[in-house]
Amino acid sequence: LTAGATLAYTENSSPAAIDNTITIIDDDDIELSGGTVTISTGITTGDILALTTQNNISGTYDGSTGVLTIIGTASKENYQTALRSISYHSTSVDPTITAGSRIVSWTVTDANSDGAGAGTSSNITSTINIIPINDAPVMTAGATLAYTENSTPAAIDNTITITDDDDIDIDGGT
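Trainee: So what's going on with a nonpolar patch on the surface? Residues and values would help.
Mentor: On the surface, Met 139, Ile 160, Ile 162 and Ile 170 cluster together to form a nonpolar patch covering roughly 400 Å² of accessible area. Residue placement: Ile 160 occurs in the loop between strand E10 (138–140) and strand E11 (161–163). Classification of Ile 160 by relative accessible area gives partly exposed; the value is 44%.

Trainee: Mind laying out the pairing of strand E4 (residues 47–50), listing which residues take part and the relevant values?
Mentor: Residues in a regular strand project their side chains so that they alternate between the two faces of the sheet. Side-chain alternation along E4 places Asp 47 and Leu 49 on a buried face and Ile 48 and Ala 50 on a face that remains uncovered. Note that E4 and strand E7 (residues 87–90) share four bridges and pair antiparallel. In the sheet register, Leu 49 faces E7, and the bridge partner there is Tyr 88.

Trainee: Give me the lowdown on the environment of Val 138, citing residues and values where you can.
Mentor: Looking at the secondary structure, you find Val 138 in strand E10. With relative accessibility at 45%, the residue Val 138 sits in the partly exposed group. The spacing of Val 138 and Ala 3 is 135 residues in sequence and 42 Å in space, taken between C-alpha atoms. The residues contacting Val 138, other than those within four sequence positions of it, are Thr 161, Ile 162 and Thr 163.

Trainee: Explain the nonpolar core to me, using residue names and the numbers behind them.
Mentor: Counting 26 residues, the largest nonpolar core has Val 37, Ile 70, Leu 83, Ile 86, Tyr 88 and Trp 106 as its most contacted members. Counting residues per element, the ones that place at least two in this core are strand E1 (6–10), strand E3 (31–41), strand E6 (67–75), helix H1 (76–85), strand E8 (101–110) and strand E9 (124–131). In contact with Ile 70, not counting residues within four places along its chain, are Ser 33, Gly 34, Gly 35, Val 37, Leu 51, Ile 57, Ser 58, Gly 59, Tyr 79, Leu 83 and Ile 86.

Trainee: Outline the sheet that holds E6, supporting the account with residue identities and numerical values.
Mentor: One open sheet accounts for six strands, arranged E1-E9-E8-E3-E6-E5; its pairing is mixed. Lying at the two open borders of the sheet, with one neighbouring strand each, are E1 and strand E5 (58–62). The mean angle between the axes of side-by-side strands here comes to 20°, regardless of whether they run parallel or antiparallel. Seen against the sheet, H1 touches E3, E6 and E8 and runs at an angle of roughly 150° to E6.

Scoring rules and cut-offs
Residues numbered from 1 in each chain as written. Predicted model: local features only at pLDDT ≥ 70, side-chain atom pairs only at ≥ 80, totals over all residues. Heavy atoms only, no water. Patch = residues over 30% accessible without salt bridge, like charges linked within 9 Å, V, L, I, M, F, W, Y side chains within 5 Å. Areas by Shrake-Rupley, 256 points an atom, 1.4 Å probe, with all protein chains shown as cover. Salt bridge = Lys/Arg side-chain N within 4 Å of Asp/Glu carboxyl O. Helix = DSSP H or I, 4+ residues; strand = E, 2+ residues; numbered from the N terminus. Buried < 20%, exposed > 50% of the residue type's maximum accessible area, 1.4 Å probe, protein only. Pairing = 2+ DSSP bridges. Contact = heavy atoms within 4.5 Å. Core = buried A, V, L, I, M, F, W, Y, C linked by side-chain atoms within 4.5 Å. Axes fitted to C-alpha atoms, helices over the stretch in contact; angles between N-to-C directions.

See the structure below:
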């Protein structure tokens, strides 16, 4: 198994294929039976790895561990196509809160078609660089002040709220 591409993923983008350079070489087996794709470094809540079921190959993603488990016996060629189609996207409003990149680790297991025992590939990696987008702060207000001239000072609107999904500081405003 070989890989090594780098995906530049922009926050809020559609799912994107992680690595279309993956190749599978197994000199003694013609089929594979499974594998794993893992966000091994930089996982953030909202990260998603996805595989569309194809050619008897399917996957299940566990967002708490960052592991996409792949199952199904199929040819090396079909597995190569399936692995190249695995996509990443994030539903996080701040996908760079813990890290600006992700390291994705790949392994596959052969189907023991040679009868010598199933073998699992070495772990290889690809990189996802996250390009953040600044989400603008949101301010809400709504109170009405009935003020009489020469009265004591009063708050203009004590219902104002400010939220910013991807920042904890506000630098100013008008």
